[in-house]
Amino acid sequence: MAIAVALALVLIVIGSVAFHLLSPWWLTPIASNWRYIDDTIVLTFWITGAGFIIVILFMAFCLFRFRHKEGRQAAYEPENRGVEIWLAMVTAMGVVALLAPGLLVWSQFITVPKDAAEVEVVGQQWQWSFRLPGRDGKLGVSDTKFVDSDNPLGLNPDDPNGRDDVVIVGADLHLPLGKPVKVLLRSIDVVHDFYVPEFRAKMDSVPGLVSYFWFIPTRAGTFESLCAAFCGVGHPQMRANVVVESEDGFQEWLRKQHTFAQSSPQTTKAAARR
Ligand SMILES: [Cu+2]
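Residues numbered from 1 in each chain as written. Predicted model: local features only at pLDDT ≥ 70, side-chain atom pairs only at ≥ 80, totals over all residues. Heavy atoms only, no water.

### Focus: the layout of surface pockets
Alright, step 1. What the largest pocket holds in volume is close to 570 Å³.
Alright, step 2. Contributing to the lining of the largest pocket are 24 residues, with Pro133, Gly134, Arg135, Gln251 and Leu254 lying nearest its centre.
Alright, step 3. Among the secondary structure elements, those contributing two or more residues to the lining of the largest pocket are β1 (117-124), β4 (173-176) and α5 (247-255).
Alright, step 4. The element contributing the most residues to the lining of the largest pocket is α5, with four residues. (1 Å grid on protein atoms, 1.4 Å probe; cavity = no way out; pocket = protein on both sides within 12 Å on 5 of 7 lines; lining within 4 Å. Points joined across faces, edges and corners; volume = space filled by probe spheres on them. Helix = DSSP H or I, 4+ residues; strand = E, 2+ residues; numbered from the N terminus.)

Here you go:
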C-alpha cells in the first residue's frame with residue numbers, strides 16, 4: 001500500500017511538470033516594457049516548482065524507504081541540529097529569492113519617467129471612464145461631491161485646468177505607441193482594479209485617493225481591460241478597450257473627443273459666471 005501511494009506521488013509530480021510545460025495556459029504575449037514582471041513570475045515558478053518537486057519526492061521516498069516491515073521499529077529523534085540549520089538556511093534563501101526581485105521591480109513600477117503623459121482611469125460600478133489633459137497638459141482637480149449626470153467624473157467646474165480635459169465615458173481609450181504613460185487611478189464608489197493583461201500592469205483604484213503606475217505600450221493593437229477586484233454583480237461586465245496606435249492615429253482620435261466644457265456646458269458655464 002505504501003508503495004502504491006509513493007508511486008501516486010511521483011505521478012503527481014510528473015503530471016504537474018508536464019502540465020506546466022505542455023498545456024497552453026501561459027501568459028498572453030506581452031505588449032509593454034514590463035518584461036521584468038514576467039521574469040519575476042518565471043523565477044517564482046522555478047523556486048516554488050523546485051520546492052514542490054523536492055517535498056513531494058521526499059515524501060514518496062520516505063513512504064517507500066520506511067514502509068512497514070515485520071520487526072522494524074521507529075527511532076525517537078526529536079532534535080537534529082544539523083538538519084535544522086540546513087533547513088533554515090535553504091528556506092531563508094528561497095524566501096529572499098522570492099521577495100527581493102519583486103521589491104526591485106516594484107520600485108521601477110512606481111518610479112515614473114519625467115516625460116510620461118498622464119491618463120486618468122476612473123472606476124465606477126460598473127464601467128471604466130478615462131480622462132486626458134487638454135492642450136494645457138494639466139488635469140483639473142476633481143472631487144466626488146461634483147459627480148452628477150452632467151459631470152460623471154466629478155471635475156471641479158471652478159478649475160480652469162479641467163475645462164479642456166478630454167472626458168471619455170463608455171468608450172475606448174487610445175494611447176500612442178512607444179510613449180511612456182502615467183496611469184492615475186480613481187474610484188467613485190468601491191475598490192476596483194484596472195488590469196490589462198498584455199500590459200502586465202494593474203493597480204487598485206481606491207475611493208478617496210489617487211494611485212498610479214506607469215508603462216510604455218510596445219505593441220499596436222486593441223487590448224481589453226478588466227476589473228481585477230470583485231466589485232459587485234456587474235464586476236464581470238466591467239471591461240473597456242485600450243487601443244494602442246501610432247502617434248498620428250492617436251492625435252486624430254484625440255481631436256474627435258469632447259472636452260469637459262463641451263460635454264458638460266451647463267456645469268462649466270455656471271462656474272464661469274461665478
Ligand atoms: Cu470593478
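From this point, the narrative continues.
### A look at the pairing of β1
Alright, step 1. With six of eight residues buried, β1 lies mostly within the body of the structure.
Alright, step 2. In terms of strand pairing, β1 meets strand β5 (residues 181-187) through seven bridges, oriented parallel. Within the sheet, the bridge partner assigned to alanine 117 lies in β5 and is valine 181.
Alright, step 3. The antiparallel pairing of β1 with strand β2 (residues 127-132) creates a hairpin that spans two residues between the two strands. (Buried < 20%, exposed > 50% of the residue type's maximum accessible area, 1.4 Å probe, protein only. Pairing = 2+ DSSP bridges.)

### Quick notes on the sheet that holds strand β9 (residues 221-227)
Alright, step 1. As summarised here, the arrangement of the five strands in space is β4-β10-β9-β6-β7, forming an open sheet in which the pairing is mixed. Here the strands that pair on one side only, and so sit at the sheet edges, are β4 and β7 (201-205). On average, adjacent strands in this sheet sit at an angle of 25° to one another, irrespective of strand direction.
Alright, step 2. Of the pairings in the sheet, the one linking β9 to strand β10 (residues 239-245) comprises six bridges and is antiparallel in character. Considered in β10, the bridge of glutamate 224 is made with asparagine 241.
Alright, step 3. Strands in contact with α5 are β4 and β10; relative to β4, the strand with the most contacts, it is inclined by about 145°. (Axes fitted to C-alpha atoms, helices over the stretch in contact; angles between N-to-C directions. Contact = heavy atoms within 4.5 Å.)

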